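These are the residues of each chain, in order.
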Amino acid sequence: MAKTTLYHSIVVESFYPDNTNGRHGKVHMRPIADQPLFPQHLFVECSRTLLKNYPVGTKFRIRAKLSSMQGTPFIYSYFGWPYEVIK
């Protein structure tokens with residue numbers, strides 16, 4: 001169930017999490033630090049292309065919203081939407 005239907009333009013980065021228990025893959029996506037709407041501890045569900053085709057640490061601008069599944073909050077971005085590579 002979605003927490004909000006509003007999508008926002010945010011900057012995210014790929015990273016290696018300390019703990020991957022219950023997660024798929026070694027590389028994940030999170031918001032960069034100091035964004036007012038989305039804390040950095042939240043994981044981002046987005047296109048796997050961002051994780052597979054760019055080096056870890058690359059930053060992207062995506063359209064996303066806060067969502068939750070079984071009470072666990074996360075950030076969701078539709079996999080088919082365009083994105084901008086920041087660096």
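Keep in mind that this is a model prediction, so the values were computed, not measured.

Colleague: Explain the pairing of strand β5 (residues 72-76) here, please?
Modeller: Every other side chain in a regular strand lies on the same face of the sheet, so the side chains alternate between the two faces. Here two bridges tie strand β3 (residues 44-45) to β5, and the two strands are oriented parallel to one another. Note on β5: the bridge partner recorded for Val 44 is Ile 75. The pairing of strand β4 (residues 59-69) with β5 spans five bridges and is antiparallel. Bridged to Leu 66 within β5 is Ile 75. Linking β4 back to β5 in an antiparallel pair, the connection comprises two residues, with Gln 70 at a positive phi of about 55 degrees.

Colleague: Is there a simple way to think about the environment of Pro 17 in this case?
Modeller: Structurally, Pro 17 is set in the loop between β1 (8-15) and β2 (28-31). As for Pro 17 and Phe 43, which are separated by 26 residues in sequence, their C-alpha atoms are 9.8 Å apart. Sequence-distant contacts of Pro 17, that is, excluding residues within four places in its chain, are made with Lys 26, His 28 and Phe 43.

Colleague: Explain the pairing of β4 to me, please; I cannot follow it from the model alone.
Modeller: Relative to β4, β1 runs antiparallel, the two sharing six bridges. Bridged to His 8 within β4 is Ala 64. Across two bridges, the pairing between β4 and strand β6 (residues 84-85) is antiparallel. Bridge pairing links Phe 60 to Val 85 in β6.

Colleague: Just to check I follow, could you spell out the packing of aromatic side chains for this structure?
Modeller: We describe a pair of aromatic rings using the distance from one ring centre to the other and the angle between the two ring planes. Under the counting rule described, the total for this entry stands at seven aromatic pairs. Note on Tyr 7 and Trp 81: the rings are 4.8 Å apart at their centroids and 80 degrees apart in plane angle, and the pair reads as edge-to-face. A residue pair is termed long-range when its members are at least 10 positions apart, and Tyr 7 in the segment before β1 and Trp 81 in the loop between β5 and β6 qualify at 74 residues. When the centroid spacing of 5.8 Å and the interplanar angle of 70 degrees are considered together, the rings of Tyr 78 and Trp 81 count as edge-to-face. The class of Tyr 78 is partly exposed, set by a relative accessible area of 36%. Following the ring pairs from residue to residue traces out a cluster consisting of Tyr 7, Tyr 78, Phe 79 and Trp 81. Sitting over the face of the ring of Trp 81, Arg 63 holds its NZ or CZ atom 3.9 Å from the ring centroid.

Colleague: Help me understand the environment of Phe 74 in this model?
Modeller: Counting through the fold element by element, Phe 74 comes out in strand β5. The class for Phe 74 is buried, based on a relative accessible area of 15%. Sequence separation between Phe 74 and Val 44 is 30 residues; the distance between their C-alpha atoms is 6.0 Å. With residues near it in sequence (within four places) discarded, Phe 74 still touches Phe 43, Glu 45, Lys 65, Leu 66, Ser 67, Ser 68 and Met 69.

About the cut-offs
- Residues numbered from 1 in each chain as written.
- Predicted model: local features only at pLDDT ≥ 70, side-chain atom pairs only at ≥ 80, totals over all residues.
- Heavy atoms only, no water.
- Pairing = 2+ DSSP bridges.
- Helix = DSSP H or I, 4+ residues; strand = E, 2+ residues; numbered from the N terminus.
- Contact = heavy atoms within 4.5 Å.
- Phe/Tyr/Trp six-rings, centres within 6.5 Å; stacked < 30°, edge-to-face > 60°.
- Buried < 20%, exposed > 50% of the residue type's maximum accessible area, 1.4 Å probe, protein only.
- Lys NZ or Arg CZ within 6 Å of the ring centre and 35° of its normal.

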